[in-house]
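# Observations on the model geometry
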Amino acid sequence: MSRICELTGKGRQVGNNVSHANNKTKRTFLPNLQNVTLMSDALGKSVKLRVSTHGLRSVEHVGGLDNWLLKTSDEDLSQRCRRLKRDVRKAGAEKAAA
């Protein structure tokens, strides 16, 4: 399982450990990923995702999972989230037609 946020695309970063003697060795910085269950209002069901804490705060700020998916470009989303976005958009169009 890759260490990439499914909503924001945030992944690992590479940097250096710097010792007191100023020796530099490579290291990685991993995102703080959490397994969360988010509720989709348009679909009426819950979805399990692996999301960074930064992404989770962003979803709450925007007003929920559906708003986040509709606002975000497809390049940042995982394949599962792209399918979810398509389903949310379809459910919104059906609700507007009714």
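Located above this text is the structure these notes cover.
The structure contained in this document is the topic of the report that follows. (Residues numbered from 1 in each chain as written. Predicted model: local features only at pLDDT ≥ 70, side-chain atom pairs only at ≥ 80, totals over all residues. Heavy atoms only, no water.)

### A short note on the packing of aromatic side chains
We count it as follows: Ring pairs are drawn from Phe, Tyr and Trp, using the six-membered ring of Trp, whenever the two centres fall within 6.5 Å, and their geometry is named by plane angle: stacked under 30 degrees, edge-to-face over 60, tilted for the rest. Comment: the charge-over-ring label is applied if NZ (Lys) or CZ (Arg) is within 6 Å of the ring centre and within 35 degrees of the ring normal.
The final tally for this structure, using the stated rule, is zero aromatic pairs. The cationic tip of Arg27 hangs over the ring face of Phe29; the distance from NZ or CZ to the ring centre is 3.9 Å.

### Section: the environment of Leu7
Note the threshold: Numbering of helices and strands runs from the N terminus, with a helix taken as a DSSP run of H or I at least four residues long and a strand as a DSSP run of E at least two residues long. Only heavy atoms enter the contact rule, under which two residues are in contact if any of them lie within 4.5 Å.
Position of Leu7 among the secondary structure elements: in the segment before strand 1 (13-18). Taking the C-alpha atoms as reference, Leu7 lies 8.5 Å from Leu56; in sequence the two are 49 residues apart. When sequence neighbours within four positions are dropped, the list of residues in contact with Leu7 reads Leu38, Leu49, Val51, Val59, Leu65, Trp68, Leu69, Thr72, Asp76, Leu77 and Cys81.

### Description of helix 1 (residues 53-62)
Convention followed: The cut-offs for exposure are 20% and 50% of the maximum accessible area for each residue type, with area from a 1.4 Å probe on protein chains only; residues under the lower value are buried, those over the upper are exposed, and the others partly exposed. The directions considered for the arc are those from the helix axis to the C-beta atoms.
The complete set of buried residues in helix 1 reads Gly55, Ser58 and Val59. Looking straight down helix 1, one finds its buried side chains confined to an arc of 100°; they lie on one side. Among the exposed residues of helix 1, those oriented more than 90 degrees off its buried face are Arg57, Glu60 and His61. Of the surrounding elements, those touching the buried residues of helix 1 are strand 4 (45-52) and helix 2 (65-71). Positive phi shows up at Gly63, right after helix 1, with a value of about 115°.

### Some remarks on the side chain of Glu6
Under the convention used in this document: Side-chain atoms alone can form a polar contact between residues adjacent in sequence; in general such a contact is a pair of N or O atoms within 3.5 Å, and within protein one must be able to donate a hydrogen while the other accepts it.
With respect to the helices and strands, Glu6 occurs in the segment before strand 1. For Glu6, a relative accessible area of 13% corresponds to the buried category. Among the polar contacts listed, one links the side chain of Glu6 to the backbone nitrogen of Arg50, at a separation of 2.7 Å. One polar contact links Glu6 to Arg80, side chain to side chain, over a distance of 3.4 Å.

### Topic: the nonpolar core
We apply this condition: Definition of nonpolar core: a set of buried residues of the types Ala, Val, Leu, Ile, Met, Phe, Trp, Tyr and Cys, connected through side-chain atoms within 4.5 Å.
The biggest cluster of nonpolar side chains holds 16 residues, and the ones touching the most others in it are Leu7, Leu49, Leu65 and Leu69. For this core, the elements supplying multiple residues, two or more each, are strand 3 (33-40), strand 4, helix 2 and helix 3 (79-97). Aside from chain neighbours lying at most four places away, what touches Leu69 is Leu7, Leu77, Cys81, Leu84, Lys85 and Val88.

### With respect to unusual backbone geometry
If you check the backbone angles, Asn22 has positive phi at about 65° while not being a glycine. In this fold, Asn22 is placed in the loop between strand 1 and strand 2 (24-29). Judged by its relative accessible area of 48%, Asn22 is partly exposed.

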